[in-house]
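Each chain, letter by letter, is given below.
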Amino acid sequence: MDELTTIFLALADPTRRALLAQLQQGEATVTELAAPHSISVPSVSRHLKVLEQAGLITKSRSAQWRNCRLQPAPLRKVEEWMGPYRDFLSTRLDRLEAQLATTPERPGARTEPEDR
């Protein structure tokens, strides 16, 4: 499996994305990462292993604690891959905006939602 596929598979799970969001705030232990989730610490550890295999995090050991840290390099690869698609979408949205600006408003078209 290629590296980008591994990264996308790791990012596909909402729990793993939530763990990455937590790690944006800084390094954290597995226990700290598990606290806001309604799953067990071993389950969080399994999610962290997937993130580690994708290169999205690193783990270090300090006494009995396992500290996790976000690694931005794989996210940069996703960003690079998405660049052409972002440009394509931006161009399409710019064209839509221009079209809407030149389209006359239809008579009887609602501009605000009705109160019910």
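Residue numbers run consecutively from 1 along every chain, following the written order of its sequence. Whole-chain, interface and lining totals are the exception, using all residues; otherwise, since this is a predicted model, local features are given only for residues with pLDDT of at least 70 and side-chain atom pairs are given and counted only at 80 or more. Excluded from the side-chain calculations are hydrogens and water; all other atoms, namely the structure's heavy atoms, are used.

Chemist: Explain the overall build of the protein chain here, please?
Modeler: Secondary structure counts use DSSP, requiring at least four H or I residues in a row for a helix and at least two E residues in a row for a strand, with both numbered from the N terminus. When helices and strands are tallied, the protein chain shows 5 helices and 3 strands. For the protein chain, the succession of helices and strands along the chain, N to C, is α-α-β-α-α-β-β-α. Only protein chains enter the accessibility calculation, which uses a 1.4 Å probe; a residue is then buried when its area is under 20% of its type maximum, exposed when over 50%, and partly exposed in between. Within the protein chain, the proportion of its 116 residues that are buried is 22%. Contacts in the protein chain between residues at least 24 apart in sequence constitute 50% of all its contacts with a sequence separation of at least 6. Areas reported here follow the Shrake-Rupley algorithm with a probe of radius 1.4 Å; residue values treat only the protein chains shown as occluding. Summing over all exposed atoms, the protein chain offers an accessible surface of approximately 8700 Å²; the carbon and sulfur share of this is 53%. By the convention used here, residues are in contact when the closest approach between their heavy atoms is within 4.5 Å.

Chemist: Any chance you could explain the pairing of strand S2 (residues 57-62) here in plain terms?
Modeler: Within a regular strand, the side chains alternate between the two sheet faces. Pairing of S2 with strand S3 (residues 65-70), which is carried by 6 bridges, proceeds in the antiparallel orientation. Counted as the bridge partner of Ile57 is Leu70 from S3. What sits between the antiparallel neighbours S2 and S3 is a turn of 2 residues, in which Ala63 has the positive phi angle 55°. When DSSP finds two or more bridges between a pair of strands, those strands are recorded as paired.

Chemist: Just to check I follow, could you spell out the pattern of salt bridges for this structure?
Modeler: Oppositely charged side chains may form a pair once their charged atoms are brought near each other. Salt bridges are defined as contacts in which a side-chain nitrogen from Lys or Arg sits within 4 Å of a carboxyl oxygen from Asp or Glu. Inspection of every chain in the model, using the stated rule, returns 4 salt bridges. With a shortest N-O distance of 2.2 Å, Glu27 and Arg69 are connected by a salt bridge. Taken together, the positions of Glu27 in the loop between helix H2 (14-23) and strand S1 (28-29) and Arg69 in strand S3 put the pair 42 residues apart, joining distant regions of the chain. Since its relative accessible area comes to 46%, Arg69 is described here as partly exposed. Across the pair Glu52 and Lys59 runs a salt bridge, and its minimum N-O distance is 3.9 Å. Glu52 gets classed as partly exposed once you look at its relative accessible area, which sits at 33%. A relative accessible area of 28% means that Lys59 is categorised as partly exposed.

Any link to function would need more than the numbers given here.
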